[in-house]
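Now for the letters of each chain:
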Amino acid sequence: MDTIASYLDNMFASLPRTRQMLTLKEEMLATMEEKYQELKQEGKTENEAVGIVISEFGNIDELLAELNIPLPAEEAALPVVTEEEALDFMMMKKKTGLLIGLGVFMCLAGAALLVLISALVKDSLVGWELSEDAGYMVGLAAMFVLVVPAIGIFIYTGMKLEKYKYLQGDFVIASSLKGMIENRKSAFAPSYTVSLISGVCLAVLSPVAIFIASAVGDRATAYGVPVLLMFVGIAVFLFIYYGTIRESYNMLLQKEEFTKEKKEENRVIGAVASVVWPLAACIFLVSGFIYHRWDINWVIFPVTGILFGTFCGAYSILKGRGHA
């Protein structure tokens, strides 16, 4: 199989690296691999099967002429991703995923600290006398101590990933390199599954802190909120860190959410998400601090998640019908 992939790499090496040529190469590889498997099932040896497959497809110029495909010299050549660039990109995505996950956790921890300090001052459980307004300001200051560095982290990671922006478009990657990335993705799959299950469990269990605090008394409800936020923060960290690593594999392989059709969907869904989730967070904090509804406002996040998931599914179905 590697021999066939290397043969195609050499065959297309002298041709323009355009989307048309890349599509043709991928189609040829799929057809040749299918033919190879048929020959193996017929009892041919590996060398015999590879030789027959290669001989049947002949010269690339003859194939282009047969398919009536002109050489697209007028198209701009696609960038070629080398093994060194791919390894650097995967390492950078892993580092930035860790930093972004930590930054988001810091933001949620800051909100938790704000709620906790305000509740402690309101219940006169701190070692010095402070008014509720003063306690709120102290909590706000503590929150900004965590949020401001998190914003710096987001800016830093964005700048670090800027050099790999070309990977968001079309590019060429060798079949042998794809195989190496596929192997890494397969080895990573169990870790990703465990992180996904753990994150979902933490997110689902997070409201339990509110229920327990409410059972103790109405005044204790506010103390359940920081615990809820910390559970959610850990869950989001797991989603971002492990999801970013998986994303780097799919991005290089141009699979799943990074196929040509999915990239447009991702841009729309990402734009909606950038508005919906911050708005949900604002509603959560306003309803808690102004209307003191910590006992029920936690439902904002699961409801938002359900509605956003419904939107994503509906949009994908509509786009799929449009392409059909």
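Residue positions are given per chain, counting from 1 as you read along its sequence in written order. Per-residue local features of the predicted model are confined to residues with pLDDT of at least 70, and side-chain atom pairs are confined, for both listing and counting, to 80 or more; whole-chain, interface and lining totals are unaffected and use all residues. Processing note: side-chain calculations cover all non-hydrogen atoms of the structure and skip hydrogens and water entirely.

Asker: I would appreciate a short explanation of the overall build of the protein chain in the present structure.
Answerer: Going along the chain from the N terminus, every DSSP run of H or I of four or more residues is numbered as a helix, and every run of E of two or more is numbered as a strand. Secondary structure summary: the protein chain contains eleven helices and two strands in total. Reading the protein chain from its N terminus to its C terminus gives the helix and strand order α-α-α-α-β-α-α-β-α-α-α-α-α. Put simply, 77% of the contacts in the protein chain that link residues at least 6 apart link residues at least 24 apart. Contacts are residue-level and defined by heavy atoms, with any inter-residue pair within 4.5 Å sufficient.

Asker: Would you take a moment to explain the side chain of Ser 195 for this structure?
Answerer: Inspection of the secondary structure assignment puts Ser 195 in helix H7 (residues 175-205). With residues near it in sequence (within four places) discarded, Ser 195 still touches Leu 238 and Tyr 242.

Asker: How should the environment of Tyr 223 be read in this particular structure?
Answerer: Along the chain, Tyr 223 turns up in helix H9 (residues 221-253). Classification of Tyr 223 by relative accessible area gives partly exposed; the value is 23%. Once the C-alpha coordinates of Tyr 223 and Ile 210 are considered, the two residues, 13 residues apart in sequence, prove to be 8.0 Å apart. Contacts described as polar in this section are N or O atom pairs within 3.5 Å, which, within protein, must combine one atom able to donate a hydrogen with one able to accept it, while residues neighboring in sequence count only if both atoms come from side chains. A polar side-chain atom of Tyr 223 sits 3.1 Å from the main-chain carbonyl oxygen of Ala 119. Each residue's exposure class comes from its accessible area (1.4 Å probe, protein chains only) as a fraction of the maximum for that residue type: buried when under 20%, exposed when over 50%, partly exposed otherwise.

Asker: Any chance you could explain the environment of Gly 110 here in plain terms?
Answerer: Of note, Gly 110 is situated in helix H5 (residues 83-122). Once residues within four sequence positions are removed from consideration, Gly 110 is found in contact with Met 143 and Leu 146.

Asker: Just to check I follow, could you spell out the nonpolar core for this structure?
Answerer: The tendency in soluble globular proteins is for nonpolar side chains to be buried as a group. Val 81, Phe 89, Leu 167, Ile 173, Ile 181, Tyr 249 and Leu 252 are the most contacted members of the largest nonpolar core, which has 18 residues in total. Where this core is concerned, the elements lending two or more residues are H5, H7 and H9. Remark: nonpolar core denotes a set of buried residues (Ala, Val, Leu, Ile, Met, Phe, Trp, Tyr, Cys) joined through side-chain atoms within 4.5 Å. With 13 residues, the next largest nonpolar core counts Ile 4, Ala 5, Met 21 and Val 53 among its residues.

Asker: Just to check I follow, could you spell out the packing of aromatic side chains for this structure?
Answerer: Where two aromatic rings form a pair, the distance of their centres and the angle of their planes describe that pair. Two rings from Phe, Tyr or Trp (for Trp, the six-membered ring) form a pair when their centres are within 6.5 Å of each other. A pair whose planes differ by under 30 degrees is stacked, one over 60 is edge-to-face, and the rest are tilted. Evaluation of the coordinates by the stated rule reveals six aromatic pairs. When the centroid spacing of 6.3 Å and the interplanar angle of 40° are considered together, the rings of Phe 188 and Tyr 192 count as tilted. Separated by four residues within a single helix, Phe 188 and Tyr 192 lie in helix H7, roughly one turn from each other. One aromatic cluster in this structure is built from Phe 188, Tyr 192, Phe 237, Tyr 241, Tyr 242 and Tyr 249.

No statement about biological role is implied by the geometric values presented.
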